[in-house]
Amino acid sequence: MFLSRAITSRIVCRSPSLLRPTWKAFMSTEIRKAITEAVASAPVVLFMKGTPEFPQCGFSKATINLLGKQGVDPAKFAAYNVLEDPELRTAIKEFSDWPTIPQLYVNNEFVGGCDVITSMAKSGELADVLEEADALVAEDETQDETPEK
């Protein structure tokens, strides 16, 4: 399990604009600390359904594929399977204030979910963020050299 059992409280919040009750979970200090440590465990951190080798949803698979195409260094990457811990699955959404999984963090900063990552990859912004974080596989300088004749 990712995290030990943490106690969360649930309250009913009334939104004046919607006038309907919604549930809001407040994560414990313990689970917040564990997520903070997980986010800081590597330059690139992904909370996903399943594992990089065996994603359990299409969005997690798409995100892993995009990170692979960008050339993320496996030594600078950590993935956490939210399906292994229901508390993590709920708390990570509150932690980031983002309703969906997967969730990508780069250098301790929340980047977004699959839709945001896909858009960033298309625009080239994802490559810039990953390069700035020094999270890409180093290019082999010998590949760039042309052999002498």
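Further up the page is the structure itself.
The present account deals with the structure reproduced in this document.

Rules behind the numbers
- Residues numbered from 1 in each chain as written.
- Predicted model: local features only at pLDDT ≥ 70, side-chain atom pairs only at ≥ 80, totals over all residues.
- Heavy atoms only, no water.
- Salt bridge = Lys/Arg side-chain N within 4 Å of Asp/Glu carboxyl O.
- Helix = DSSP H or I, 4+ residues; strand = E, 2+ residues; numbered from the N terminus.
- Buried < 20%, exposed > 50% of the residue type's maximum accessible area, 1.4 Å probe, protein only.
- Phe/Tyr/Trp six-rings, centres within 6.5 Å; stacked < 30°, edge-to-face > 60°.
- Axes fitted to C-alpha atoms, helices over the stretch in contact; angles between N-to-C directions.
- Parallel < 35°, antiparallel > 145°, perpendicular 65-115°, else oblique.
- Left-handed = near helix turned anticlockwise from the far one by under 90°.
- Contact = heavy atoms within 4.5 Å.
- Nonpolar A, V, L, I, M, F, W, Y, C, P; charged D, E, K, R; others polar.

## Quick look at the pattern of salt bridges
No. 1: Using the criterion set out here, one finds two salt bridges in the structure.
No. 2: Note that Asp134 and Lys76 form a salt bridge whose closest N and O atoms lie 3.3 Å from each other. A residue pair is termed long-range when its members are at least 10 positions apart, and Asp134 in the loop between α5 (125-132) and α6 (141-144) and Lys76 in the loop between α2 (58-70) and β4 (77-81) qualify at 58 residues.

## Quick look at the environment of Asp85
No. 1: The topology assignment puts Asp85 in the loop between β4 and α3 (86-96).
No. 2: A relative accessible area of 2% places Asp85 in the buried class.

## Here we look at the packing of aromatic side chains
No. 1: If you walk through the whole model with that rule in mind, you get five aromatic pairs.
No. 2: Centroid distance Phe47 to Tyr105: 5.8 Å. Interplanar angle 80°. Geometry classified as edge-to-face. Here Phe47, found in strand β3 (residues 44-48), pairs with Tyr105, found in strand β5 (residues 103-106); they are 58 residues apart in sequence, far enough to count as distant. Each member of the pair, Phe47 together with Tyr105, is buried.
No. 3: Put simply, the rings of Phe47, Tyr80, Phe95, Trp98, Tyr105 and Phe110 touch in pairs and so form one group of aromatic residues.

## Structural notes on the packing of α2 against helix α4 (residues 114-123)
No. 1: Two numbers describe how α2 lies on α4: the axes approach to 10 Å, and their chain directions differ by 30°. The angle between the axes of α2 and α4 places the two elements in the roughly parallel class. Considering the relative orientation of α2 and α4, their crossing is left-handed. For the pair α2 and α4, contact is made by Phe59, Ala62, Thr63, Leu66 and Gln70 and by Cys114, Ile117, Thr118 and Ala121, respectively.
No. 2: Across the contact of α2 with α4, the residue classes break down as six nonpolar, three polar and no charged.

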